[in-house]
Amino acid sequence: MEEEKKSTAVQPEEAPKPKPRRRKAASPRSAADTPPAPTDSAEPPAADGQSTKKPAASPKKPRAKKNTKTTKTPKTAKPKTPKAAKTAKKAPADETLESKAPAQESPAPAAPGFETGPEPKSESKPEPPETPAREDAAAPTVPDVPSAPEPPEPAERAEPAGTEPEPAADAPAADDTPAAEAPPEATAADTAVTNTPDQTGDAPAEDAAEPSGFVFSDDLANDKALAAEAARMANISRTAQLSIAQIMAGLEEDPAPSAGPAPAPEAPQHDSAADTDEDDEPRDTIPQAIGRGAFGMFKWLLLVVLFVLIIAGGGVAWLYHSATPDMLPEVKVTFDGQELAPTAYKWHVPVVGSFFRRTYAETLNSSPVVLEDAISDASPDIVVTPSDYSTQLTITDADRETVYEGSATGFRSYLFAENGTFDAKLVVTASDSAAEGSVTGTETWQFRFTVSIKPSVTLCTPTVQQGSVAAVRVGSTMSQTAPTLTGPLESTGFVRAANGWICYLPIPWNAETGNTELTVTADGYTETLTLSVRAATYSYKDYSAKSQLTSPYIGENDAPDAVRKLLTTAGEGIQWSVGGFVQPFLDSFDTPLLYGMTEYVGRAYSERSTNYGYGGRTSTNVVIKPKKSKDSMIVPASGHVLLAEDLGGSYGYTVVIDHGAGLRSIFYGLTALDVKAGDDVKQGQLLGTSGKTVVAEMRIGTVPINPLLVWRGQCDGLKYY
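All of these numbers come straight from a predicted model, not from anything done at the bench. (Residues numbered from 1 in each chain as written. Predicted model: local features only at pLDDT ≥ 70, side-chain atom pairs only at ≥ 80, totals over all residues. Heavy atoms only, no water.)

1. Focus: the pairing of strand β1 (residues 332–335)
Here's step 1: Residues Val333 and Phe335 of β1 are buried on one face, while the alternating residues Lys332 and Thr334, pointing to the opposite face, are not.
Here's step 2: Of the pairings in the sheet, the one linking β1 to strand β6 (residues 382–385) comprises four bridges and is antiparallel in character. Considered in β6, the bridge of valine 333 is made with valine 384.
Here's step 3: Sheet topology places β1 next to strand β2 (residues 338–340); three bridges connect them, and they run antiparallel. Looking at β2, one finds that valine 333 is bridged to leucine 340. (Buried < 20%, exposed > 50% of the residue type's maximum accessible area, 1.4 Å probe, protein only. Helix = DSSP H or I, 4+ residues; strand = E, 2+ residues; numbered from the N terminus. Pairing = 2+ DSSP bridges.)

Now the structure itself:
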């Protein structure tokens, strides 16, 4: 027994280095579980700071001066002593504390600033035998300050008894880095861990002075040590956790450590001031909290608006691409029956109502389109389809002077004054007022046309009888000059009519029958017309004596000079166009002498039977005998009174009425007049009082026509005006 105790006290000259391992985090078990080495002569250390008497020792050997401030004797693994059973009764409490403490290993290199030198080797003590023990008991009890902390690893299970730790390699382990300063609690706990002094007294005095571990005299000291150790471990654990976070953030940036011991970094310390600052940070005031909330709400609303804008932008983009050229309106324009092609357009197709539109614009032709066919009408039509668009038409002549400017509808009443080349520009506009959300914009037509108007010439009465009237109509002329007519028939010329010009040709009672050619010239164009004249049926009378002839008789050449000079003038207008003609008497009357009737005196029977002979007189007027004397006469058609006076003799009161276009009514033999020269009279107005007989005559120019045909509406030529 004594030899076994001696063997435990012998220290080798240089303790073998244990295999470097990660050491668990210090816990109450690390100190409390180490049983004190039993000795026969030594007393247990006094509790609560009470001193104990040291056992007598053998003469001390000289030793090197110990620097208690900077050096610490390396500790070797001590075998379990046979007296360990004395402290076994405290193990359950310690193990309970160990189970509660987190299993964490801490590196076990020597603390920086302490130099470890070889202990004086005792020659009298043999090498201590290898005794199986737990790794926690064999490891040095002095906790070294951990080097740069690493992430916590699972606690290693204790090696089975009898396993001898392998010697450490020559190269320092990765965990052998300079450690940071230990907390004050750890320093106090470390000073209590010492090696058990040798019972025989062979060990040096300074070795014997150091206790071999935590040895307490009673439970109070043990509780204090445990509490101090627990506080130290908690502080170390907290420091390690903070260091781990810093190391993990810088692992990829720091280069791998090189072989050999690295310089000792400054130990990470818990920034208690930062915690204090965080705890003491002032709270936000109510305005600040409201402002922070408002700013957060603003950011949220901004995000919602941005999201809505993205969705709306996508929808608008889809609608924009859906507004294709197929949606453009189709406008059709024709000018004088010729369809025109547009030269440019600019349409706006609605995408989002009337706020956003897609524009289609193109210039198809920069120069005007030339029409192939010349315009032969003085008033050509221009038609725009659909008709609900607004239009603007501008026409200029060869000298760039505007001859028309207005709408296409107003152009219908325009007449070109002359032939020539003209440029036109038509702009069709569709505005928003047409329909909500409809296509708006303009389309333009520019064209050039030539006006080469050939006036229309029409023979209104292709066939006419003797004593009647033929009519020739000419359309509007560019030169605004009256057309001319030449031929065998006498006329007073063309007068203005509703749609151009008109000319009345009197056919004499003795006009040559058959076809008659008439030549009409208007605006430089000449056209030949063929008029067919047919013979009229006339009656005749034969008398044995001249006293039987009808009286009064006024022949074609018997008109007085006052009347003859009025026949050469042509009146303006066609006044009979309103109401036409009627008979001058309201009651019935007899006609002893008709138009075209011939009176013969002393003609032979054979001549009478064949109505052949000479010496007769033919009437060119009508002799009327009223039913009663002094019957009232009326105006047969509206006109202007040229003459109303008593010419004396067989003429009596004479009235000349101008009806226009060279047509005149002449009445001889009135006994009283109700009109005077210069009066404008209307059809049916009282003209005067007749005598026993009245001579009624109508002339166009100087050529007499049959008044009965006119009064009775049988003269077709006078129906055109």
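Next comes the rest of the description.
2. Brief notes about the pattern of salt bridges
Here's step 1: Summed over all chains, the structure comprises nine salt bridges.
Here's step 2: In this structure, arginine 400 and aspartate 423 form a salt bridge, with 3.0 Å as the shortest nitrogen-oxygen distance. Here arginine 400 is found in the loop between β7 (390–396) and β8 (402–406), whereas its partner aspartate 423 is found in strand β9 (residues 420–430), with 23 residues between them in sequence.
Here's step 3: A relative accessible area of 61% means that arginine 400 is categorised as exposed.
Here's step 4: What makes aspartate 423 buried here is its relative accessible area of 13%.
Here's step 5: Several salt bridges converge on common partners, so that one network encompasses Arg400, Asp423 and Arg448. (Salt bridge = Lys/Arg side-chain N within 4 Å of Asp/Glu carboxyl O.)

3. So, the sheet that holds strand β12 (residues 463–465)
Here's step 1: If you trace the four strands from one edge of the open sheet to the other, you get β12-β18-β17-β14, paired in mixed fashion. Taken across any chain shown, the strands that pair with only one partner, and hence form the sheet edges, are β12 and β14 (484–486). For this sheet, the mean angle separating the axes of adjacent strands, direction not counted, is 35 degrees.
Here's step 2: One ladder, built from nine bridges, connects strand β17 (residues 514–522) with strand β18 (residues 525–534); its direction is antiparallel. Residue pairing for β18: threonine 521 is matched across the bridge by threonine 526. (Axes fitted to C-alpha atoms, helices over the stretch in contact; angles between N-to-C directions.)

4. Some thoughts on the pairing of β9
Here's step 1: Here seven bridges tie β7 to β9, and the two strands are oriented antiparallel to one another. Opposite glutamine 392, over in β9, you have valine 427 as the bridge partner.
Here's step 2: Two elements, β9 and strand β10 (residues 440–451), share eleven bridges in a ladder whose sense is antiparallel. If you follow threonine 429 over to β10, its bridge partner there is threonine 442.

5. Examining the packing of aromatic side chains
Here's step 1: Counting across every chain of the model gives 19 aromatic pairs.
Here's step 2: Ring geometry for phenylalanine 416 versus phenylalanine 422: centroids 5.1 Å apart, planes at 50 degrees, classification tilted. The two residues phenylalanine 416 and phenylalanine 422 agree in class, both being buried.
Here's step 3: Positioned over the ring face of tyrosine 600 is arginine 603, at 3.6 Å from the centre of the ring.
Here's step 4: The positively charged end of arginine 617 is found above the aromatic ring belonging to tyrosine 553, 3.9 Å away from the centroid. (Phe/Tyr/Trp six-rings, centres within 6.5 Å; stacked < 30°, edge-to-face > 60°. Lys NZ or Arg CZ within 6 Å of the ring centre and 35° of its normal.)

6. Remarks on the nonpolar core
Side chains that are nonpolar tend, in soluble globular proteins, to be buried together.
Here's step 1: In terms of nonpolar packing, the biggest core is built from 39 residues, with Tyr504 and Trp576 touching the most fellow members.
Here's step 2: For this core, the element with the most residues is strand β29 (residues 686–700), which contributes five residues.
Here's step 3: Dropping the residues within four chain positions of it, tryptophan 576 is found in contact with Tyr504, Phe581, Ala637, Ser638, His659, Gly660, Ala661, Leu663, Leu718 and Tyr721.
Here's step 4: Residues Phe335, Val384, Tyr389 and Ala430 belong to the second largest nonpolar core, which totals 36 residues. (Core = buried A, V, L, I, M, F, W, Y, C linked by side-chain atoms within 4.5 Å. Contact = heavy atoms within 4.5 Å.)

7. Describing the sheet that holds strand β15 (residues 494–497)
Here's step 1: Sheet architecture is open: four strands sit in the order β11-β13-β16-β15, paired in antiparallel fashion. The open sheet is flanked by β11 (457–459) and β15, the only strands paired with a single partner. Each neighbouring strand pair of the sheet contributes to a mean axis angle of 25 degrees, computed without reference to strand direction.
Here's step 2: Where β11 meets strand β13 (residues 469–474), three bridges bridge the pair, whose relative direction is antiparallel. Counterpart to valine 457 in the pairing with β13 is valine 474.

Function cannot be read off these values alone, since they describe shape.
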